[in-house]
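Residue-level structure breakdown
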Amino acid sequence: MSTTGSTTEILYSRTDAALGTFAVRPLDPFADAELLHGWVTHPKASFWMMQDASLPDVEREYMKIAAAEHHQAFIGLHEGRPAFLMETYDPARLELVGLYEAQPGDVGMHFLVAPSERPLHGFTRAVITTVMAAVFADPGAKRVVVEPDVRNTAVHALNEAVGFVPDGPVTKPEKEALLSFCTRAQFESATGLIKELSI
């Protein structure tokens, strides 16, 4: 999934029976910086580890990602409005180098749901389902790899709900992480969505 193109370009979309339309577009490090700053510094985003970031810090971080060969960032939309952040990366080259045995078709993934004053029931699960479906819309993606903080029990439960199987803890410079994997078949079994994917 490429980030080239305008912020109006929809790269992937799906309709959730209960919650409506979700979509993914490229992230613009400048146009989206203020929005992202509010998300990543919110108290609920503590595991994103950017609590003290300034607006220029956020711009610099996402400019760096935009320029990176093996890291991409996207804005997720719900009913056309920005609602989540999605990142993909090559775990054989970033984040997990030397910490696990990488396989061809592995895709690393991070996601962050925007803070909301009126949370919708099932929303976060619909977001991670959309993120996973967007990753697997690329036929080259065989397995999604995640490494959330071992203390982030809420995201562990979400990950398992869409098919992730924990592999065990790994020690990263910034955290103790729970390495988990989800193949295309595991995602399909958990959600029934792969058959919907078409690109």
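Before any of the text, the structure's been laid out above.
What comes next concerns the included structure. Please read these numbers as outputs of a predicted model, since none were measured by experiment.

All right, on to the overall build of the protein chain then. Along the protein chain, the regular secondary structure elements total five helices and eight strands. Ordered by position from N to C terminus, the α and β elements of the protein chain give β-β-α-α-β-β-β-α-β-α-β-β-α. Taking 199 residues into account, the globule formula puts the C-alpha radius of gyration at 16 Å, and the protein chain, at 16 Å, falls close to it. Taken over the C-alpha atoms alone, the protein chain extends approximately 40 × 35 × 30 Å along its principal axes. Intrachain contacts of the protein chain at a sequence separation of at least 6 include 58% that bridge at least 24 residues.

As a further point, take the environment of Phe22. Assignment of secondary structure puts Phe22 in strand β2 (residues 20-26). In this structure Phe22 comes out as buried when scored by relative accessible area, which is 0%. C-alpha of Phe22 to C-alpha of Ala134: the two residues are 112 residues apart in sequence and 10 Å apart in space. Dropping the residues within four chain positions of it, Phe22 is found in contact with Tyr12, Ser13, Arg14, Asp16, Leu77, His78, Phe84, Phe123, Ala126, Val127 and Thr130.

Ala33, Leu36, Trp39 and Val40 are the residues of helix α1 (residues 33-40) that are buried. Buried residues along α1 cover an arc of 120 degrees about the axis, so they all sit on one side. Against the buried residues of α1 lie α2 (55-67), β3 (71-78), β4 (81-89) and β5 (106-113).

Non-glycine residue Glu79 carries a positive phi angle of around 50 degrees. Structurally, Glu79 can be placed in the loop between β3 and β4. Judged by its relative accessible area of 41%, Glu79 is partly exposed. Its identity is not glycine, yet Glu95 carries a phi of approximately 65 degrees, on the positive side. Relative to the helices and strands, Glu95 resides in the loop between β4 and β5.

All right, on to the side chain of His156 then. One can find His156 in helix α4 (residues 153-161). There is a polar contact of 3.1 Å between the side chain of His156 and the backbone oxygen of Asp149. In contact with His156, not counting residues within four places along its chain, are Pro148, Asp149, Val150, Arg151 and Leu178.

With that settled, the discussion passes to the environment of Ala114. Assignment of secondary structure puts Ala114 in the loop between β5 and α3 (123-136). In this structure Ala114 comes out as buried when scored by relative accessible area, which is 15%. Those residues within four positions of Ala114 in sequence are excluded, and the remaining contacts are Trp39, Ala83 and Phe84.

Once that is clear, we can look at α3. Given a rise of 1.5 Å per residue, 14 residues ought to cover 20 Å, and the 20 Å separating the end C-alpha atoms of α3 matches this to within 8%. For α3, the tally of buried residues reaches 12 of 14 residues, placing the bulk of the element in the interior. Restricting attention to buried positions, one finds in α3 the residues Phe123, Ala126, Val127, Ile128, Thr129, Thr130, Val131, Met132, Ala133, Ala134, Val135 and Phe136.

Moving on to the packing of α1 against α2. Their axes nearest at 9 Å, the elements α1 and α2 cross at an angle of 105 degrees. Comparing their axes, α2 and α1 come out roughly perpendicular. For the pair α1 and α2, contact is made by Ala33, Glu34, Leu36, His37 and Val40 and by Leu55, Val58, Glu59 and Tyr62, respectively.

Thresholds applied
- Residues numbered from 1 in each chain as written.
- Predicted model: local features only at pLDDT ≥ 70, side-chain atom pairs only at ≥ 80, totals over all residues.
- Heavy atoms only, no water.
- Helix = DSSP H or I, 4+ residues; strand = E, 2+ residues; numbered from the N terminus.
- Rg over C-alpha atoms; globule rule 2.2 N^0.38 Å.
- Contact = heavy atoms within 4.5 Å.
- Buried < 20%, exposed > 50% of the residue type's maximum accessible area, 1.4 Å probe, protein only.
- Arc of directions from axis to C-beta.
- Polar contact = N/O pair within 3.5 Å; in protein donor to acceptor, adjacent residues only side chain to side chain.
- Expected span 1.5 Å × (residues − 1).
- Axes fitted to C-alpha atoms, helices over the stretch in contact; angles between N-to-C directions.
- Parallel < 35°, antiparallel > 145°, perpendicular 65-115°, else oblique.

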